[in-house]
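An overview of the molecular structure
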Amino acid sequence: MDLSGVSNPICRLRVAVDAPQHSGIGAPLDYLSEQALPPGSLVQVPLGKRELTGIVWDPLPADADAEGQVLPDTALRPIGQALLELPPLTLNWRRLLDFAASYYQRSVGEVALSVLPPQLRELDAKQLQGRLKKLHKWVEAEAKDGAPSAQRPELSPAQAEVLAQLDALLLAERASDATGSAPGPAPVLLHGVTGSGKTEVYLRAAEHALNQGRQVLVLVPEINLTPQLEARFAERFQGHRIVSLHSGLTPAQRLRNWLAAHLGQAELVLGTRLAVFASMPRLGLIVVDEEHDPSYKQQDGARYSARDLAVYRAHLERVPVILGSATPSLESWQHANTGRYRRLALPQRIGGGAMPRLRIYDMNLLPRKQGVTTALAQPLLAALRERLQRGEQSLIFLNRRGYAPVLHCGECGWKSECPHCSAYRVFHKGDRTLRCHHCGFSERVPRACPDCGNQDIAPLGQGTERLEEQLAAALPEARVARIDADSTRLKGALEAQLGAVHAGEVDILVGTQMITKGHDFRRITLVAAVNPDAALFSSDFRAPERLFALLMQAAGRAGRDAEVAARSEMWLQTWHPQHALYQSLLRHDFEAFAKSQLAERESAGLPPYSHLALLRAEARTVEAAQGFLEAAARHAGTLPDAQTVLVYPPVPMSVARVANVERLQMLVESPTRGALQRLLWQWMPELHALKREHKGLLRWAVDVDPLAI
DNA sequence: AGCACGCCGACT
DNA sequence: GTCGGCGTGCTC
């Protein structure tokens, strides 16, 4: 369009709006405007009877063949108010969103609007002005002078080496940048065990970027982990403004922090996966801590991987990205093997502390009584007693909340199935309920078997509640605390419980994987995993990788102080002591584990040696969901990439029915990303059409790079 | 997703 | 005669 034409001051704007993709609106919509607003501006636009906030998107390139029909000007509606006070979102931000939307098969509008602070959408120009004024006041009140940073600890030789290599990488990059065609610095995979000082490397790298007047983005997997990391960064960079960005903030805080980043006033942004989309006009470094963590993958809506998008964003911005982990994802590990990523290692714990000694206890040695009634073997209890006598703390990890996963009638065989899901309801003794962890259905625990009236119904298996009870019985003098999703439901409960542990008011801490992440317990010298075996035989091909990471992370909780490291132990109770995974863990040998896993993946044609997507369908009946998927599969067979991309038959999901909805999925496997993307693109319009034909279908969704299949 | 329009059952 | 059930279809 020609904006210089004075004869017609009306121009066309493409605006991305939050119209869900199944509405058929995939691309930004055209509107009329009397003003040529720059792309990235926020505007109110009418859509049907509604007035929505949209983002002015980039005009289509002139050479784009008119895909879809171009509407005549007369069919277009004028835009509403524009939020001119807000600087436009940058080209690179829009490119990141274009990429994310197309890669994960969603509309740009949906993704772009969903990653803005929700409050920003509600505001009109006037209200926004108010917020900006408030922000400026806040900024002035907390004036940051950019003063020299606080005292820094001396680097270990390994840290110094890693930082030197980072520097070299940046220098090489700058040299090649002169040619103008530089791809940006290679992503760095920082492999270092818990306590090896990865955070100090992040801090130094951040300092480097800050000194150049750039902004730094740090991603963590969980909200719980932001406060302590924020404290660490705040302490180091006292002269710099640091904000967090995650879904736990109040709407007002989230808007304020987002604006601070967008206006360049916040120099450090720390957040969970949604923060990967933070608007940061002077971005100079991205850090992804615990890059292997599954929480980086969004599980609904646009199913993006914040880690992968962080790598893409760094590439767009030509800035370094550091992926840190003690147990890198096999995808990242493989990228490092092929040289796409640069691997840097911190092989030792700081201060010469060793990782805790691993003791594998063979559960087959348990005296055979009437089945296994306790989760705790005698030798483990003895080890706990020893810690108790020395005044040291222990941590017991069991990835199952509640008292027992199933309630069972020995008389007629009744089990506590959920009436709405294909799963058992979990027995929660605390509030005497049977609770379904999938749909939330909860009932008071029956006194007798609901089928045969037998009074003697028994819990089967172990949950954290039961473990807590058994510990209290076996070690009456111990102060036992439990941390899981149930004990931390109330706001502030987690902080309070962690505080009690740190204050030494707890001898034994029982919990789910919640306690294995991040928290730095100085006085723990014993970590035990009492029932990790289930993951060994899971049908999920990533289960071993996750288990290894989880156990390694749990082990890292023990003996972080060098003085106690020597007597720190990690106990593993298993029925399969010879399993290769445990044997690698015994030697703290991630590399051997990764190597064997990669070999298995390669022979099975699984990621990272292939690329996957899932087509999921939900319906009231299996037939409806299956009918849709089968029709979709038939159509996929007619697409040009059908020769290279494999579409497997539909199968029920591992929990096939949730809240009376049947869930099936179909695996799509491709040797290359390109072929997979092409097929998905060509498939999508037909999937929308099929949804209309298959009336019983409730929902369908595509999951690109799914974590579990 | 919203929010219409639209075409059939029990109510003041 | 009308209030309202949720099926179907559209939004630049």
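Reading the values: the criteria
- Residues numbered from 1 in each chain as written.
- Chains lettered and ligands numbered in written order.
- Predicted model: local features only at pLDDT ≥ 70, side-chain atom pairs only at ≥ 80, totals over all residues.
- Heavy atoms only, no water.
- UniProt positions renumbered as here; feature names shortened; annotations may be inferred.
- Helix = DSSP H or I, 4+ residues; strand = E, 2+ residues; numbered from the N terminus.
- Rg over C-alpha atoms; globule rule 2.2 N^0.38 Å.
- Buried < 20%, exposed > 50% of the residue type's maximum accessible area, 1.4 Å probe, protein only.
- Contact = heavy atoms within 4.5 Å.
- Areas by Shrake-Rupley, 256 points an atom, 1.4 Å probe, with all protein chains shown as cover.
- Lys, Arg positive; Asp, Glu negative; His and termini not counted.
- Charge placed at Lys NZ, Arg CZ, Asp CG, Glu CD.
- Pairing = 2+ DSSP bridges.
- Axes fitted to C-alpha atoms, helices over the stretch in contact; angles between N-to-C directions.
- Parallel < 35°, antiparallel > 145°, perpendicular 65-115°, else oblique.
- Nonpolar A, V, L, I, M, F, W, Y, C, P; charged D, E, K, R; others polar.
- Polar contact = N/O pair within 3.5 Å; in protein donor to acceptor, adjacent residues only side chain to side chain.
- Domains from an automatic or database assignment.
- Phe/Tyr/Trp six-rings, centres within 6.5 Å; stacked < 30°, edge-to-face > 60°.
- Lys NZ or Arg CZ within 6 Å of the ring centre and 35° of its normal.
- Expected span 1.5 Å × (residues − 1).
- Arc of directions from axis to C-beta.
- Core = buried A, V, L, I, M, F, W, Y, C linked by side-chain atoms within 4.5 Å.

As recorded in an unreviewed UniProt entry, chain A goes by Replication restart protein PriA and comes from Paucibacter sediminis. Annotation of chain A in UniProt includes, under Sequence similarities (unreviewed entry), the sentence "Belongs to the helicase family. PriA subfamily." On record in UniProt, under Function (unreviewed entry), the comment for chain A is "Initiates the restart of stalled replication forks, which reloads the replicative helicase on sites other than the origin of replication. Recognizes and binds to abandoned replication forks and remodels them to uncover a helicase loading site. Promotes assembly of the primosome at these replication forks."

**Examining the overall build of chain A**
Across its full length, chain A carries 19 helices and 27 strands. Whereas a compact globule of 709 residues would reach a radius of gyration of roughly 27 Å, chain A reaches 27 Å, a difference of no more than 12%. Its C-alpha atoms give chain A principal-axis dimensions of roughly 95 × 65 × 50 Å. The burial tally for chain A puts 54% of its 709 residues in the buried class. Contacts spanning at least 24 positions in sequence make up 75% of the contacts within chain A whose residues lie at least 6 apart. With the model as given, the accessible surface of chain A reaches about 31400 Å², and the carbon-plus-sulfur share is 52%. Charge centroids of chain A, computed over 79 positive and 76 negative side chains, lie 3 Å from each other.

**Structural notes on the sheet that holds strand 8 (residues 268-271)**
With respect to topology, seven strands assemble into an open sheet ordered 7-8-6-9-10-5-11, the strand pairing being parallel. Each having just a single partner strand, strand 7 (242-245) and strand 11 (342-346) make up the two edges of the open sheet. Averaged over all neighbouring strand pairs, the angle between strand axes comes to 20°, with direction disregarded. Of the pairings in the sheet, the one linking strand 9 (residues 283-288) to strand 10 (residues 321-325) comprises three bridges and is parallel in character. In the sheet register, Val288 faces strand 10, and the bridge partner there is Leu323. Taken strand by strand, helix 9 (residues 306-317) contacts strand 6 (215-219), strand 9 and strand 10, and its axis lies near 155° from that of strand 9.

**Observations regarding unusual backbone geometry**
A cis amide bond links Pro607 to the next residue, Pro608, at an omega of 5°. Note that Pro608 resides in the loop between helix 17 (590-604) and strand 23 (611-619). One non-glycine residue, His588, adopts positive backbone phi at about 50°. As for its position among the elements, His588 is in the loop between helix 16 (580-586) and helix 17. Taking relative accessible area as the criterion, His588 reaches 28% and is therefore assigned partly exposed.

**Let's talk about the sheet that holds strand 15 (residues 426-428)**
The strand order 15-16-17 describes an open sheet built from three strands, whose pairing is antiparallel. The open sheet has two free edges, formed respectively by strand 15 and strand 17 (442-444), since each of these has just one partner strand. Each adjacent strand pair in this sheet contributes to an overall mean axis angle of 25°, direction not counted.

**As for the UniProt feature "binding site: Zn(2+) 1" (unreviewed entry) in chain A**
The sites that UniProt annotates as "binding site: Zn(2+) 1" (unreviewed entry) are Cys409, Cys412, Cys449 and Cys452. The greatest C-alpha distance among the residues just named is 8.7 Å, despite their covering 44 residues of sequence, which places them together in space. For Cys449, the contacting residues outside a window of four places in its chain are Cys409, Cys412, Trp414, Asn454 and Ile457. For Cys452, the location among the structural elements is in the loop between strand 17 and strand 18 (457-460). By relative accessible area, which is 37% here, Cys452 ends up partly exposed. Contacts of Cys452, omitting those with residues within four sequence positions, involve Cys409, Glu411 and Cys412.

**Quick notes on the packing of helix 4 (residues 125-141) against helix 8 (residues 251-262)**
Look at helix 4 against helix 8: their axes get within 10 Å of each other, and the N-to-C directions meet at 75°. Taken together, the axes of helix 4 and helix 8 lie roughly perpendicular to each other. Contact residues: Arg131, Leu132, Leu135 and Trp138 in helix 4; Ala252, Leu255, Arg256, Asn257, Leu259 and Ala260 in helix 8. Taken together, the residues that form the contact of helix 4 with helix 8 break down as seven nonpolar, one polar and two charged.

**Comments concerning the side chain of Ser610**
Structurally, Ser610 is set in the loop between helix 17 and strand 23. At 2.8 Å, the side chain of Ser610 forms a polar contact with the backbone oxygen of Gly605. Not counting residues within four places of it along the chain, the set of residues in contact with Ser610 comprises Gly605, Glu669 and Ser670.

**Quick word on the UniProt feature "binding site: Zn(2+) 2" (unreviewed entry) in chain A**
Those residues carrying the UniProt feature "binding site: Zn(2+) 2" (unreviewed entry) are Cys418, Cys421, Cys436 and Cys439 in this numbering. With the annotated positions falling across 22 residues, the maximum pairwise C-alpha distance of 8.8 Å places them together in a single cluster. Here Cys418 lies in the loop between strand 14 (406-409) and strand 15. For Cys418, a relative accessible area of 3% translates into the label buried. Sequence-distant contacts of Cys418, defined by excluding residues within four places in its chain, comprise Ala423, Tyr424, Arg425, Cys436, Cys439 and Phe441. Position of Cys439 among the secondary structure elements: in the loop between strand 16 (433-435) and strand 17.

**Considerations on the domain arrangement of chain A**
Per the domain assignment, the segments making up chain A are domain 1 (11-90 + 108-114), domain 2 (129-351), domain 3 (353-402 + 463-601), domain 4 (404-461) and domain 5 (611-704). The distance between the C-alpha centroids of domain 2 and domain 5 comes to 36 Å.

**What about the packing of aromatic side chains?**
Taken as a whole, this structure holds twelve aromatic pairs when the rule is applied. Centroid distance Phe548 to Phe590: 6.0 Å. Interplanar angle 55°. Geometry classified as tilted. Pair noted here: Phe548 is in helix 14 (residues 543-555) and Phe590 is in helix 17, with a separation of 42 residues, a long-range link. Judged by its relative accessible area of 0%, Phe548 falls in the buried class. With a relative accessible area of 4%, Phe590 lands in the buried category. A connected cluster of aromatic rings, assembled from ring pairs, spans Phe99, Tyr103, Tyr104 and Tyr312. When the ring centre of Trp138 is taken as origin, the NZ or CZ atom of Arg241, which lies over that ring, is 5.5 Å away.

**Observations regarding helix 17**
Structural remark: α-helix, 3.6 residues per turn; residues separated by three or four positions point the same way. The end-to-end C-alpha distance of helix 17 is 21 Å, a good match for the 21 Å that 15 residues give at a rise of 1.5 Å each. Buried residues of helix 17: Phe590, Phe593, Ala594, Gln597, Leu598 and Arg601, and no others. All buried residues of helix 17 lie within an arc of 125° about the axis, which places them on one face of the element. More than 90 degrees from the buried face of helix 17, the exposed residues found are Lys595 and Ser603.

**Notes on the nonpolar core**
Core analysis: the biggest nonpolar cluster contains 129 residues, and Phe277, Leu615, Trp683 and Leu687 have the highest contact counts within it. Considering every element that reaches this core, the biggest residue donor is helix 19 (residues 673-693), with eight residues. If near-sequence neighbours (up to four positions away) are discounted, Phe277 is found in contact with Trp93, Leu96, Leu97, Ala100, Val111, Val115, Tyr304, Leu309 and Arg313. Counting residues in each nonpolar core, the second largest holds 28 residues, with Leu203, Val216, Leu270 and Val287 among its members.

**Thoughts on the side chain of Asp540**
Mapping Asp540 onto the fold places it in the loop between strand 21 (524-529) and helix 14. Within the structure, the side chain of Asp540 is placed 3.0 Å from the backbone nitrogen of Arg542, a separation counted as a polar contact. With sequence-adjacent residues up to four places away left out, Asp540 is seen in contact with Arg546, Leu707, Ala708 and Ile709.

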